[in-house]
Amino acid sequence: MELKVIKQKVLQANEDLAEKSRLLMRERRCLMVNLISSPGSGKTSLLERIVPVLLANGVKVAVIEGDCYSTRDGERVQRLGVPVIQINTEGDCHLEASTVHGILSTEVPVDTGLLFVENVGNLVCPAVFDLGEKLKVSILSVPEGSDKPVKYPLLFRESGLVVLNKIDLAQHTNFNRPEFYGFMKDINPACRIIEASCTSGEGIGEISDFFMALLKSG
Ligand SMILES: Nc1nc2c(ncn2[C@@H]2O[C@H](COP(=O)(O)OP(=O)(O)O)[C@@H](O)[C@H]2O)c(=O)[nH]1
Ligand SMILES: [Mg+2]
């Protein structure tokens, strides 16, 4: 009982700060997107694919890179020519609103139109800790298996877009599309699902169009 109360307080403090970040981003007309997946599903690869398309369309993009350790992904994204803020959690498995809120005013350029937050690779905790984003985007790669929506329902329920990545590998795996789409229909029927390959480029245009439409709709 005692532990449950403490946990609720932690989450409430996170929610309060996330709401402040959401208001700040709304004031600045900046769309914040929380990118969530297991390690290796293709979050950074997706950024490498879609950021150039968004830049070519005149969108001012910035990226917050969340990792336990290393600046490897930050360096990959920096090569795209966009501002990158690297956060190393030193072992924590997710970002929290307190970490992100502190840098929105100081590190993220004020004219940013689209702010991607690449969360720490994990399907559990990043879904619990709201960062103040407008949208959660989850990436599932086909080698991970079609059962992930039922095993991690919170993330897949809260996502506005699921990118089904590494579709180029589908023939080499036992990924069951009807099962995956069936689970998604039960858990989050309104969710947009786009099949993609960051290797072949399949689906990248559709994902970029999704973000452009979102930016236009305000
Ligand atoms: N075959 C294939 N490999 C991919 C695809 N997307 C990413 N990868 C590879 O998967 C590995 C992990 O990708 P990365 O973007 O670093 O994943 P992250 O940990 O989610 O950021 C890298 O070796 C990528 O080259 C894809 O669509 N198809
Ligand atoms: Mg990455």
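Residues numbered from 1 in each chain as written. Chains lettered and ligands numbered in written order. Predicted model: local features only at pLDDT ≥ 70, side-chain atom pairs only at ≥ 80, totals over all residues. Heavy atoms only, no water.

Caption draft 1: Region of the structure containing the site of ligand 1. Around ligand 1, 19 residues are found, and the nearest of them are G40, K43, S45, D168 and C198. With respect to ligand 1, the backbone of S41 contributes an N or O atom lying 3.3 Å from an oxygen atom. Between an oxygen atom of ligand 1 and a side-chain N or O atom of S197, the distance comes to 3.5 Å. Coverage of ligand 1 by the protein amounts to 71% of the 580 Å² it exposes when considered alone. Of all elements in the fold, only α2 (43-56) and α3 (72-78) reach the threshold of two or more residues within the shell around ligand 1. A per-element tally of the shell around ligand 1 places α2 first, with 3 residues. Partitioning the shell around ligand 1 into residue classes produces 3 nonpolar, 10 polar and 6 charged. (Near = heavy atom within 4 Å. Polar contact = N/O pair within 3.5 Å; in protein donor to acceptor, adjacent residues only side chain to side chain. Areas by Shrake-Rupley, 256 points an atom, 1.4 Å probe, with all protein chains shown as cover. Helix = DSSP H or I, 4+ residues; strand = E, 2+ residues; numbered from the N terminus. Nonpolar A, V, L, I, M, F, W, Y, C, P; charged D, E, K, R; others polar.)

Caption draft 2: The arrangement of the side chain of T112 in detail. Here T112 lies in the loop between α4 (97-104) and β4 (114-118). At a separation of 2.7 Å, a polar atom in the side chain of T112 contacts the main-chain carbonyl oxygen of P109.

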